[in-house]
Every structure is written in C-alpha cells, then in structure tokens.
Amino acid sequence: MAEFIPFKEKSFNWVHMRSMLDHVQVPDLALKEARRVLKDDGSILVGLYVEGGKKEKKSKIRFIKDTLKEALGFLGLEKYKDHHTFHPTLSNLKKIIEDNGFTISEYFWQPGWNDQVFYIKAEKN
C-alpha cells in the first residue's frame, strides 16, 4: 500500500517506485507518501511503461493489441485482463511527479522496449 507507508517522516534517502505506480489506486497519494518519508535531500526513482512512448502516440499495432487484450479480459480470460489502474503518458507522468513536490533531474529510456519504458529520477523540493 504505497498510499499509506508505515514509516515515520524523513526516514529514507531514496524511494524506488519501479513498475508499481500504475498499480496503485491513487498515484498522487503514493507520491505524497514517498515525499513524506524522504529526507530533505532525498530522491525518488520512478520507472514504468508510458502510454504512447516518447511520441505520446499509440501505434496502430499497439492499439490493436490493447483492444484485443481488453476484449479477451472482458470475456473472462484473466490472463489478458489489465490489472493497471493508471496509464500515464510521458507528460502525465512528469506532471504528476512535479505536482507532488519533486524536481525531475534525470530520465532514461529502457533499451529494448521501443521507447515505451521510462525512468525518472527526481529530488524532493
């Protein structure tokens, strides 16, 4: 439950949020909690798949795959059900991080994922 971290304020130098922010019910609350438990000079690392990648535009193939997976999940095939609650674009991800009291200092596209998986390092304001 990243929205309710059971640690006291200013406990950590780093919070690592890889492939999890898109699974929480309230991403803003998870980031507020990360900020709360970080020391004043603390940093976060957020990494996840961003909708539409660098260009923020879904390819036709990706659109077809997503539509088929959604239909199969709807038909009851659990294997294809999307368990993500948040599907940010690159600009959405940057905005939500900055809106929750962080300054983005570095970013990195994970090789081999067609510019779809993105990592952001940000410091607590």
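The structure we're discussing is the one just above.
Quick look at the structure, then. (Residues numbered from 1 in each chain as written. Predicted model: local features only at pLDDT ≥ 70, side-chain atom pairs only at ≥ 80, totals over all residues. Heavy atoms only, no water.)

**Here we look at the overall build of the chain**
Consideration 1: A tally of helices and strands in the chain yields three helices and four strands.
Consideration 2: The N-to-C order of helical and strand elements in the chain reads β-α-β-α-α-β-β.
Consideration 3: The long-range share in the chain, meaning contacts at least 24 apart out of those at least 6 apart in sequence, stands at 69%.
Consideration 4: Just so you have it, the chain exposes about 8200 Å², and 57% of that area is on carbon and sulfur atoms. (Helix = DSSP H or I, 4+ residues; strand = E, 2+ residues; numbered from the N terminus. Contact = heavy atoms within 4.5 Å. Areas by Shrake-Rupley, 256 points an atom, 1.4 Å probe, with all protein chains shown as cover.)

**Points about the nonpolar core**
Consideration 1: Ranked by size, the top nonpolar core spans 24 residues in total, and within it Met17, Leu21, Ile44, Val46, Leu93 and Ile97 carry the most contacts.
Consideration 2: With residues up to four places along the chain from it excluded, the contact list for valine 46 reads Met17, Leu21, Leu93, Ile97, Phe118, Tyr119 and Ile120. (Core = buried A, V, L, I, M, F, W, Y, C linked by side-chain atoms within 4.5 Å. Buried < 20%, exposed > 50% of the residue type's maximum accessible area, 1.4 Å probe, protein only.)

**Focus on the environment of glutamate 98**
Consideration 1: Mapping glutamate 98 onto the fold places it in helix α3 (residues 90–99).
Consideration 2: Under the relative-accessibility criterion, glutamate 98 is labelled partly exposed at 44%.
Consideration 3: When the C-alpha positions of glutamate 98 and alanine 30 are compared, they lie 13 Å apart, and in sequence the two are 68 residues distant.

**A word on the packing of aromatic side chains**
In this description, an aromatic ring pair is defined by two values, namely the gap between the centres and the angle between the planes.
Consideration 1: Scanning the model with the defined rule gives four aromatic pairs in all.
Consideration 2: Pairing tyrosine 107 with phenylalanine 118 gives two aromatic rings, centres 5.5 Å apart and planes at 35°, and the pair type is tilted. A residue pair is termed long-range when its members are at least 10 positions apart, and tyrosine 107 in strand β3 (residues 102–109) and phenylalanine 118 in strand β4 (residues 117–124) qualify at eleven residues.
Consideration 3: The exposed category is assigned to tyrosine 107, whose relative accessible area is 54%.
Consideration 4: Classification of phenylalanine 118 by relative accessible area gives buried; the value is 1%.
Consideration 5: Between tryptophan 109 and phenylalanine 118, the aromatic rings sit 4.5 Å apart at their centres with planes inclined by 50°, giving tilted as the arrangement.
Consideration 6: By relative accessible area, which is 14% here, tryptophan 109 ends up buried.
Consideration 7: Counting every residue linked through ring pairs, the aromatic cluster contains Tyr107, Trp109 and Phe118.
Consideration 8: Over the ring of tyrosine 107 we find lysine 94; its NZ or CZ atom is 5.2 Å from the centre of that ring. (Phe/Tyr/Trp six-rings, centres within 6.5 Å; stacked < 30°, edge-to-face > 60°. Lys NZ or Arg CZ within 6 Å of the ring centre and 35° of its normal.)

**What to know about the environment of phenylalanine 7**
Consideration 1: Along the chain, phenylalanine 7 turns up in the segment before β1 (12–18).
Consideration 2: Note: C-alpha distance between phenylalanine 7 and glutamate 33 (26 residues apart in sequence) is 9.5 Å.
Consideration 3: Those residues in contact with phenylalanine 7 that sit more than four places away from it in its chain are Phe12, Arg36 and Val37.

**Section: the sheet that holds strand β2 (residues 38–49)**
Consideration 1: What the four strands build is an open sheet, ordered β1-β2-β4-β3; its pairing is mixed. On the outer flanks of this sheet lie β1 and β3, each paired with one strand and no other. Pairs of neighbouring strands in the sheet enclose a mean axial angle of 15°, with direction left out of account.
Consideration 2: Inspection of the sheet shows β2 paired to β4 by seven bridges, in the antiparallel sense. The residue of β4 that forms the bridge with valine 46 is isoleucine 120.
Consideration 3: Relative to β4, α3 is tilted by about 15°, and along the sheet it contacts β2, β3 and β4. (Pairing = 2+ DSSP bridges. Axes fitted to C-alpha atoms, helices over the stretch in contact; angles between N-to-C directions.)

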